[in-house]
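# Coordinates in review
Residue strings, one per chain:
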Amino acid sequence: MPLEKHKVPVDGTWHDCPSCGYDGGWHVFFRKLPDAGRLQMLLQCPKCKAQMDLGLHVAVNS
């Protein structure tokens, strides 16, 4: 399933899935990037399993 690109909302709270309308929040998961020590932070809808890429990366200390 391809990842949809989304921008983080500036105001308020974003908890509705744009794919199915589920309004109960998100599951957060991480994917290892080729750059050692960095992970991509992604969201997944618990209902329809749509995955959202917000462009967030996390540095991991080993």
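In this report, the structure presented in the accompanying data block is examined. Predicted model only: the values in this text are computed from it and were never measured. (Residues numbered from 1 in each chain as written. Predicted model: local features only at pLDDT ≥ 70, side-chain atom pairs only at ≥ 80, totals over all residues. Heavy atoms only, no water.)

## Considering the environment of Gly-37
This is how it is decided: The secondary structure listing takes helices from DSSP runs of H or I that are at least 4 residues long and strands from runs of E that are at least 2 residues long, numbered from the N terminus. Note on exposure labels: buried denotes an accessible area under 20% of the residue type's maximum, exposed denotes more than 50%, and partly exposed covers the range between, all computed with a 1.4 Å probe on protein chains only. In this description, contact between two residues means that some pair of their heavy atoms is separated by no more than 4.5 Å.
Relative to the helices and strands, Gly-37 resides in the loop between strand S2 (27–32) and strand S3 (38–44). When its relative accessible area of 33% is taken as the criterion, Gly-37 is described as partly exposed. With residues up to four places along the chain from it excluded, the contact list for Gly-37 reads Val-58, Ala-59 and Val-60.

## Quick notes on unusual backbone geometry
We note that Lys-49 has phi near 70°; this positive angle belongs to a residue other than glycine. Here Lys-49 is to be found in the loop between S3 and strand S4 (51–59).

## Some points on the pairing of S4
Put simply, the test is: What makes two strands pair is DSSP finding at least two bridges between them.
Pairing between S3 and S4: seven bridges, direction antiparallel. When the sheet's bridge partners are listed, Leu-42 is paired in S4 with Asp-53. Following S3, the chain reverses through six residues before pairing antiparallel with S4; Lys-49 in that reversal takes a positive phi of roughly 70°.

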